[in-house]
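Read off the chains here:
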Amino acid sequence: MKKIGVAILGLGVVGGGTYQILEKHREFYQKTQNVDIEVVSVLEMNRARTESLGVPEEKIAANIAEVVCNPDVNVIVECIGGTAAAKEYTLAALNVGRTVVTSNKELYAKYSHELERAAQRHNAGLFFEASCVGGVPIIRTLLDGLQGNRISSLMGIINGTTNYILTKMTCAGMSYEAALAEAKKLGYAEADPSSDVEGFDAAYKLSILSSLAFHTKVPFSKVFREGITNVSEEDILDGKQLGYVLKLLAIGKNTDAGIEVRVHPTFVRADHPLASVSDGFNAVFVEGDSVGEVMLYGRGAGSLPTGSAIVSDIIYAATHTEIRYSTFKNGEEAEKDVNFVEDFMSAYYLRLSVSDEPGVLAKIASVLGKYHVSIVEMIQREKGDGKASIVLVTHATHEFAIKNAVEKINSTEIANVESVLRVVS
Ligand code: HSE
């Protein structure tokens, strides 16, 4: 039976989950995969972690050199996070021909070109299923399951922390601050939640997924990004009244005009399948020319779900002799002839604060009309003191048209646009 020695760098949430799965299922993989996978080394300085997982003392390495030079180590699992030590250690492993499995989306989104080149040069495997959408096998689906298709779009909820926060704001009427505090208490959000709530985490993932789906490098810098920090309870309630639910969506499209990649809070109709993806769950829609729409749903984060993705990569590496790399070119920049669409089309939700007096609505409609923005529906709410809120949803229009129209409205005395949110109908 083939024997595979695994080293795990970092035994935090994901590394710890991976360790537990490999320990629990060693015999199961012997039977089902005909491979004996053993954790032979871990790099973790925190003794409380190694003790709580029951890692034998002799398996704890003192430094990265000890891990990469260990002849019993075939696969190195990088669960350190960040891009400093993680990049150095990953390159050290690839440069001596060790296969690396990583869950690190920031590392992969920013440095896949460098890592893949090192892997190719040294005939090492490099796998990253766990970098996107935790336990949901979206990367294998794009690489193996849907490779017969030209993929025109992918759209989904690919960050659990923000989905948890927005779910609590929508379903429990919590403020952003209270929902974030609860997300921290439950371990969804980190002490510094900025990567999740500012949309970076989802943008790293979208850069990786759209590169795979569209077979070209989609650099992280090309992803339009807006987080959820400015989302208000008022918008969530107004959206609800109009039949919408607010989600942080990642959207990638490959059209004749070019590639469009964006992460932003988005209203989806309450009967849209993504509207019912709640709490820490994730879901991704992929649209292929032959298969039509495929939706994957599951846990996008957490110890065992993300460990599940890592272990699937280890088994893949252990049971396939042919080494596979992602299918996009390993350049740092986008290819010169690929166009990225900035002035994308979307429907919009606008919330305006207005003086409640005759002619105001007509003036707003007139400015929108000048920019070819057409209104689908509208509600008005009295706010007292002669003020009112006007909430409207537009037909699909250009992002730049909305920006210009909002700027124009705000430059007059007519009204103040307090919120602009995109809508998927
Ligand atoms: N922080 C991420 C999330 C999980 O909340 O979905 C790891 O990417």
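Everything below is about the structure shown above.
Residues numbered from 1 in each chain as written. Predicted model: local features only at pLDDT ≥ 70, side-chain atom pairs only at ≥ 80, totals over all residues. Heavy atoms only, no water.

**Quick word on the packing of aromatic side chains**
The final tally for this structure, using the stated rule, is 10 aromatic pairs. Relative to F128, the ring of Y108 has its centre 3.9 Å away and its plane inclined at 15°; by these criteria the two rings are stacked. One end of the pair, Y108, is in helix 6 (residues 105–121); the other, F128, is in the loop between strand 5 (126–127) and helix 7 (138–145), with 20 residues separating them in the sequence. Judged by relative accessible area, which is 1%, Y108 ranks as buried. With a centroid separation of 5.2 Å and 0° between ring planes, the pair formed by F281 and Y297 is classed as stacked. Linking F281 in strand 10 (residues 281–288) with Y297 in strand 11 (residues 292–299), this pair joins segments that are 16 residues apart in sequence. Clustering of aromatic rings is evident, with ring pairs tying together F200, Y204 and F220. Positioned above the aromatic ring of Y244 is the side chain of R269, whose terminal nitrogen or guanidinium carbon lies 4.7 Å from the ring centre. (Phe/Tyr/Trp six-rings, centres within 6.5 Å; stacked < 30°, edge-to-face > 60°. Helix = DSSP H or I, 4+ residues; strand = E, 2+ residues; numbered from the N terminus. Buried < 20%, exposed > 50% of the residue type's maximum accessible area, 1.4 Å probe, protein only. Lys NZ or Arg CZ within 6 Å of the ring centre and 35° of its normal.)

**What to know about the site of the ligand**
Near the ligand the following residues occur: K105, N159, G160, T161, D196, D201, K205 and A301. Within the side chain of D201, one N or O atom sits 3.0 Å away from an oxygen atom of the ligand. Within the complex, the protein chains bury 83% of what would otherwise be the 260 Å² of accessible surface of the ligand. Of the residues assigned to the shell around the ligand, the class counts are one nonpolar, three polar and four charged. (Near = heavy atom within 4 Å. Polar contact = N/O pair within 3.5 Å; in protein donor to acceptor, adjacent residues only side chain to side chain. Areas by Shrake-Rupley, 256 points an atom, 1.4 Å probe, with all protein chains shown as cover. Nonpolar A, V, L, I, M, F, W, Y, C, P; charged D, E, K, R; others polar.)

**Focus on the sheet that holds strand 5**
Across the sheet, five strands lie side by side as 2-1-3-4-5; this open sheet has parallel pairing. In this open sheet, the two strands that pair with only one neighbour each are strand 2 (35–43) and strand 5. As paired strands, strand 4 (residues 99–102) and strand 5 are joined by two bridges and run parallel to one another. For V101, the partnering residue across the bridge sits in strand 5 and is F127. (Pairing = 2+ DSSP bridges.)

**Section: the environment of P193**
On the secondary structure map, P193 appears in the loop between helix 9 (176–185) and helix 10 (194–197). Sequence separation between P193 and G302 is 109 residues, and the spatial gap between their C-alpha atoms is 16 Å. What P193 contacts, discounting residues up to four positions off in sequence, is L180 and K184. (Contact = heavy atoms within 4.5 Å.)

**Section: the nonpolar core**
The biggest cluster of nonpolar side chains holds 84 residues, and the ones touching the most others in it are I138, I139 and I165. When residues of this core are assigned to their parent elements, the largest contribution, nine residues, is made by helix 11 (residues 200–214). In contact with I165, other than residues within four places in its own chain, are Y176, A179, L180, A183, V197 and I228. Membership of the second largest hydrophobic core comes to 28 residues, among which are L22, V77, V101 and A309. (Core = buried A, V, L, I, M, F, W, Y, C linked by side-chain atoms within 4.5 Å.)

**Some thoughts on unusual backbone geometry**
For residues besides glycine, phi is generally negative; the peptide bonds are generally trans as well. Phi at N34 is positive, roughly 55°, even though this residue is not glycine. By the secondary structure assignment, N34 is in the loop between helix 2 (26–33) and strand 2.

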